[in-house]
Amino acid sequence: MDIVCYSHLRWNFVYQRPQHLLSRFARSFRVLFIEEPVFDAEKAYLDNHQNEDKVWVIVPHLPAGLSDPETTVTQNGLLKDFFDFFGVKEFIAWYYTPMATGLNPSFTPSLVIYDCMDELSAFKNAPAAIKKRETELMEKADIVFTGGNSLYQAKKNKHSNIYLFPSSIDHHHFEKARSMEVDLPDLQEIPSPRIGFVGVIDERMDIDLLDAIAAKKPDWHFILIGPVVKIDPASLPQRQNIHYLGAKSYKELPFYISKWQVAMMPFAINESTRFISPTKTPEYLAAGKPVVSTPIHDVVKGYGDKGLVYIADSPLQFIIEIQNALYMPDRVKWLKAVDSVLSQNSWDNTVEKMLFIINGALYNSNQKAVPQKEGVYV
C-alpha cells in the first residue's frame, strides 16, 4: 500500500512534522509526496525523484497563466499518468493542505487522513477558499490528526475520529548538541552570550520584541537561523548584535545550537500563532538549552507549567527570563526533568501509534491491514 501525500510545504524547505513522519512511514510504505505546482514550464510535466529518506518527491511544473480549474485539470491528468506508470492501486491519501481536495486523478483511496499541523486560514496570504476546503476535507477524512493541543481543542467537535499528536522529538539528533566541540566559521566572530532561534522567520515572529530586547542588551548577541518568508527582509530589525545566518540543513542544526547559551522563541501573540505547537520547543530542550518563549498556549501547557521553559510577555520580562536562563541555579536538576518529559515522546512512538489507528480504520472498512515493519519502532 502507498501513501500519497498532498502538501503545501516543500520537502526541502524546513525539516519539520511532514518530513519526520513521512520519512518514518517510508520504512513501511511507498510514500509519494506531492508538492504544490511551480508555474515555470512551457509544457506541463512532473519532476520526481526519490530522496535519501526513500520518499518520492513529486513537483508539478505548469505553464503560467492557468486558471484555477485549468490548474486542477492539468495536475489531475499528470498525476493519473504518473499513478498508472508507478502502479499505484491501493493507497492512503494523506493531506496537509485542504487546497488539494480538488486533486482526484481517477483513483479512490482506501483511507483519507488529514494531518492538521497548523491553522492555515490564520496565516498571511492564506487562500480565500481554505476554510471551505477544510470543511470539505473534514467531511471526507476517515481520520484527523492534530499537531497540538490548541488545534485539537478547536477541531475536536468537527470530526468523530480525531486524535492529538503534538510535536515530537528526534532526541538522539539534538542531544548531540550537549557535547559538540566544532568551530563554525559564521559564529567565530560573534561574542557570547548567544541567544538563538531556528525556524521560519515570518509574520509569526514579534520583530518589535526582538528589536527592543537587542536595543536594551547590546552585549547580548541574537542569532537567527532560517529562511525569511512572507515578510519584507528590510522590515527586520538591524543591529550589530542581531545576526541573520540564513537557512541551515537539519543535519547542521545541532552544531549551531551547541554554540548558544539560551534558545528563544519570540513569537507574536496574534491569530497566526494562536494554534501553533512549535516543534523547536522539544528540539531546543533535547539540545540541553534553556528556552525563553512568549506565552504560546502549547508552550505554556506542557513545558512552561512544568518549569522547563521560561515564559515572558514583554521585552523587560524577556530580558529577566534570559538572565535567569543564563544563570540557572541547578542545571543538572533541570536537565533531568527535561529528559524525563522528553523520554515519553518521540517521532518513532508517534508513528507507531498512528499506524495502530490506521490499521484499525482499514480493518473496520474491510480493507487488508497495513503491513508493519520493525524498522518503524524503537
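Since this is a predicted model, take the numbers as computed values, not measurements.

A. Structural detail: the sheet that holds strand β11 (residues 221-225). With parallel pairing, six strands are arranged side by side in an open sheet as β12-β11-β10-β13-β14-β15. If you trace the sheet from one side to the other, it starts and ends with β12 (242-246) and β15 (309-311), each paired once. Direction aside, the axes of adjacent strands within the sheet are offset by 25° on average. Two strands pair when backbone bridges link them, and strand β10 (residues 194-198) and strand β13 (residues 262-265) are joined in this way by two bridges, in the parallel orientation. Of the residues in β13, the one forming a bridge with I195 is V262. Across the sheet, helix α6 (residues 207-216) is in contact with β11, β12 and β13; its angle to β11 comes to roughly 150°.

B. Broad picture of the environment of F267. Considering the arrangement of structural elements, one finds F267 in the loop between β13 and α8 (280-286). Take F267: its relative accessible area is 7%, and that puts it in the buried class. Residues F267 and D232 lie 35 residues apart in sequence; the distance between their C-alpha atoms is 17 Å.

C. Structural detail: the packing of aromatic side chains. One pass over the structure, following the stated rule, counts 17 aromatic pairs. Centroid distance F145 to F165: 5.2 Å. Interplanar angle 85°. Geometry classified as edge-to-face. With F145 in strand β8 (residues 143-146) and F165 in the loop between β9 (162-164) and α5 (171-175), the pair connects residues that are 20 residues apart, well separated along the chain. For the residue pair F145 and F165, the accessibility class agrees, reading buried in each case.

D. Local environment of α6. Residues of α6 that are buried: I207, L209, L210, I213 and A214. Down the axis, α6 shows its buried residues gathered within 155° of arc, on one side only. Summarising the geometry of α6, the exposed residues directed more than 90 degrees from the buried face are D208 and K216. Close packing links the buried residues of α6 with β11, β12, β13 and α10 (315-326). For α6, the side-chain oxygen to backbone nitrogen distance between the N-cap and D208 is 3.3 Å, and the N-cap itself is D206.

E. Molecular detail of the state of the cysteines. Considering all chains together, one arrives at zero disulfides under this definition. Looking at the unpaired C116, the closest cysteine sulfur is the one in C5, lying at 13 Å.

F. Geometry of the nonpolar core. Judged by nonpolar contacts, the single largest core of 58 residues is most densely connected at F222, Y284 and L285. A per-element tally of this core places α6 first, with five residues. For L285, the residues in contact, after removing those within four places along its chain, are R178, V291, Y303, L308, V309, W334, V338 and L342. Counting residues in each nonpolar core, the second largest holds 31 residues, with I3, L22, M117 and M354 among its members.

The rules behind each value
Residues numbered from 1 in each chain as written. Predicted model: local features only at pLDDT ≥ 70, side-chain atom pairs only at ≥ 80, totals over all residues. Heavy atoms only, no water. Pairing = 2+ DSSP bridges. Helix = DSSP H or I, 4+ residues; strand = E, 2+ residues; numbered from the N terminus. Axes fitted to C-alpha atoms, helices over the stretch in contact; angles between N-to-C directions. Contact = heavy atoms within 4.5 Å. Buried < 20%, exposed > 50% of the residue type's maximum accessible area, 1.4 Å probe, protein only. Phe/Tyr/Trp six-rings, centres within 6.5 Å; stacked < 30°, edge-to-face > 60°. Arc of directions from axis to C-beta. Polar contact = N/O pair within 3.5 Å; in protein donor to acceptor, adjacent residues only side chain to side chain. Disulfide = S-S within 2.5 Å. Core = buried A, V, L, I, M, F, W, Y, C linked by side-chain atoms within 4.5 Å.

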